[in-house]
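# What the coordinates show
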Amino acid sequence: MELTSHHIREQIIKMASLVELSLSLTLNKEAPLESVIKLEEQINQFQCEIDDLCFKYIALKSPNSRDLRLAISVLKINPVLERIGDKSLATKRFYGELSYNFPKLENMGHIVKELLQKSIDTFVHGNTELAEQLINDDEEINTFNRELIEEFLMAMKNNQLEHRQAINALWIAKNLERIGDLALCIAQEVFFIEAGEQNHYKKFTINSDKESFNLGKYLKSLNENQILGGVKP
Amino acid sequence: MNYYKVQKLKSHLFIACLYCSAAFVLAPLIMVIVFLFYKGASSLNLDFFMNLPKPVGETGGGMKHAIIGTFYMVGLGSLIAVPLGIVCGIFLAEYGKGKIPNCLRMASDLLTGVPSIVIGIFAYTLIVVPLKGFSALAGGVALSLIILPIVIRSTEEILKLIPGHIREAGLALGLPRWKVIYFIIVKGNLPNIFTGVILAISRAAGETAPLLFTAFGNMYLSYSLTGPMASLPVQIYNYAISPFEDWQRQAWAGAFVLIILVLGLNIVSRLIVNRKQLFNKK
Amino acid sequence: MSENTPILTTNNINIWYDQFHAIKNISISYLPNSITAIIGPSGCGKSTYLRCLNRIHEEVPGARATGEVIYNGQNILDPNVDPVLIRRNIGMVFQKPNPFPAMSIFDNVIIGLKLQGVKQKSKLKEVVETCLKKAALWDEVKDILQRPGTSLSGGQQQRLCIARTLAVNPKIVLMDEPTSALDPIATGKIEELMQDLKKEYTVIIVTHNMQQAARISDYTSFFVLGDLIEHGTSSQIFTNPKEQKTEDYISGRFG
């Protein structure tokens, strides 16, 4: 086992490409479920190996500065990639149950796939500029997701769509949206590796949130409406 | 006056004391050289180096025989003492623990402390008496006894300064000990060892007492090992106590030459060390 | 010799300095082409142990060792064995860079061979070049081979000493805190160099820098007060030590 930051990078990039492949197989209707399951096994194995690699690398080589940031980032990206693999497999299972074609869902799938590719690209090339742009793609996916939910609800209300099918489709949308979020997490690590900056996007999104959420107010409103078991102070 | 000013004053006072003591040490040396130059340089000419003494009453003549005699006997003494001293020094530095090295060390220390007149008497009884006559050989032996302990101790001290790990590094290359000592330790420090040697020689060059009873001195040029031989210090001594003004003048000149000789050797030894340091720094 | 046959084995080594029992019953085997680090608090005897592996400990008056150091099927602590021959196979690099005084860089490298009687000029030249290359110093000094070895910087001097050790073609190189007198950059270079040395030599290194041991070594021995507390692969010692003492030491709670 070679304990260098270069080797760690190589391994995580290999794992990322497997995850990418898994998502594209999920979105490809012709690909069998088994192929995704097989990939998932490989991805899990990679996760264990990379975890061990990073642990030993940090323990034995006491890396500093960039190498340290890379090792820590990889430790963070590693489970995220594994989650994406899981979600991809779950999505594939729901796709198997789906009997209609939903063009909007497919569209969303492509955008998510692209986002994942771009995120991995930003990681490979350390491109912070590209990472900045990804936030918009994620916004787009979120809107897509919200729209899809509304649409399916309407369709269900009007009895245009079988409920089971609708729920499957909603799960797919939900999973894809989650994959988008996770992909963004990968891109976020670029800021840490390149500039030592943590939580770049969080700062970004909190600032852009116009209506700040007030927990106290929210609880109060709940109490007023006696939703919490009718307990009144 | 505040505390700080008092401290500063004390500091200045202390530094002033240091400079004063330095001046007290330097002053006699400078005065000796200046005085000798003033008294001796006027009588110094080519004749002084090229000619033998003229008979009493005649002015002129030189100390060629004494200068050559000094070189001759100091050379003879060095020839005996330097190789022996260096070998003993190496022995003390490399195998310096145990009874024999300790005896040797004490002996050489005692020898350093023996008054030079006693050394003269010793050489007298050892060589002059059996050979029934003053000789250059006896002078050389007496001078070698002056040189020997200085060479031993300076060689030992210089070799002891070499850290042990250098010896170990040599041994770790799979070399026998004698090769490490000879090729690495001694060869690597020859200039330093020679500095010690030159200082010892310059010390011997100025000695009068050991030569009084041994080489005795004469008024003509001699290269004979078994005959008496003149030397600068003895010649100076003889001329200085003589009633003739011209001889006294020549004694001053001889003293000047002698001090230049000793000083020159000292400077040369210092140059060797400095050149080596310069060389290493590059 | 196969990869898994130890090149050097110590059995029950005990070392005394007069009455002081410095090393107690230590038995370790060393595999060829590996780097083994010896760590431990000051005064734990790690240097003493290392120095007995090529009998250079005999240089300290009053030191004596019992037990066996097996190299090539021979107990090198046996008084009938000539330490001079042992040291040609088991070389040593010291804590302080110590190029030989008044010797050029060239002479420093070949002095071992030269004094062993090799006179052929072309052979000596070749050895100087290969050894300086192995010590990653050739590019820096190839034009100044006639300058004195002491004119180099500390890190370069230490690499020169490594080249000098390699020139007599040892199988095992012992290193006694070779980087403790060097700055971090020079240390880094020497650490890098050790990874290359591993391909041809077996390296045993004493270090008081635990991170260094973790970075460079395949195996690590942990000594305390002359006892071997733990010996194992470095990844095991530094990530999951079996002994509480080791755990405490490498976490900086003791020593």
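Described below are features of the structure shown in this document. (Residues numbered from 1 in each chain as written. Chains lettered and ligands numbered in written order. Predicted model: local features only at pLDDT ≥ 70, side-chain atom pairs only at ≥ 80, totals over all residues. Heavy atoms only, no water.)

## A closer look at unusual backbone geometry
For residues other than glycine, phi is negative in most cases, and the peptide bonds are mostly trans. Residue and element names in this part refer to chain C. Its identity as a non-glycine residue notwithstanding, A102 has a phi of 55°, on the positive side. Relative to the assigned elements, A102 resides in the loop between β6 (90–93) and α3 (105–115). On the basis of relative accessible area, A102 is assigned to the partly exposed category, the value being 48%. Here E177, not a glycine, exhibits a phi torsion of approximately 45°, which is positive. Looking at the element boundaries, E177 is found in the loop between β7 (172–176) and α7 (184–197). Owing to a relative accessible area of 12%, E177 belongs among the buried residues under this scheme. (Helix = DSSP H or I, 4+ residues; strand = E, 2+ residues; numbered from the N terminus. Buried < 20%, exposed > 50% of the residue type's maximum accessible area, 1.4 Å probe, protein only.)

## What to know about the interface of chain A and chain C
Many descriptions give the size of an interface as the accessible area lost when the pieces come together. Between chain A and chain C, the contact holds 6 residues from the first and 7 residues from the second. Taken together, the two surfaces of chain A and chain C that pack against each other cover about 590 Å², and 64% of this comes from carbon and sulfur. When the buried area of chain A at its contact with chain C is split by residue, L60(A), K61(A) and S62(A) rank highest and sum to 68% of it. The interface formed by chain A and chain C holds 0 salt bridges in total. In this assembly, chain A and chain C are joined by 3 residue pairs in polar contact (both at pLDDT 80 or more). Across the side of chain A that touches chain C, the residue classes break down as 3 nonpolar, 1 polar and 2 charged. (Contact = heavy atoms within 4.5 Å. Buried area = accessible area lost by both parts, 1.4 Å probe. Salt bridge = Lys/Arg side-chain N within 4 Å of Asp/Glu carboxyl O. Polar contact = N/O pair within 3.5 Å; in protein donor to acceptor, adjacent residues only side chain to side chain. Nonpolar A, V, L, I, M, F, W, Y, C, P; charged D, E, K, R; others polar.)

## Regarding the packing of aromatic side chains
With the rule as written, the count across this model stands at 14 aromatic pairs over all chains. Taking the centre distance of 6.3 Å and the plane angle of 65° together, the rings of Y124(B) and F213(B) count as edge-to-face. In this pair, Y124(B) sits in helix α5 (residues 116–131) while F213(B) sits in the loop between α10 (209–212) and α11 (232–240), placing the two residues 89 residues apart along the sequence. For the ring pair W178(B) and F183(B), a centre distance of 6.3 Å and an interplane angle of 50° mean the geometry is tilted. Given the relative accessible area of 53%, W178(B) is considered exposed. On the basis of relative accessibility, which here comes to 24%, the residue F183(B) falls in the partly exposed class. Ring-pair connections join several aromatic residues into one group, and the members of that group are Y124(B), F134(B), F213(B) and F216(B). Sitting above the plane of the F123(A) ring, R9(A) keeps its charged end 6.0 Å from the centroid. Its guanidinium or amino end placed over the ring of F192(A), K76(A) lies 5.1 Å from that ring's centre, counting from NZ or CZ. (Phe/Tyr/Trp six-rings, centres within 6.5 Å; stacked < 30°, edge-to-face > 60°. Lys NZ or Arg CZ within 6 Å of the ring centre and 35° of its normal.)

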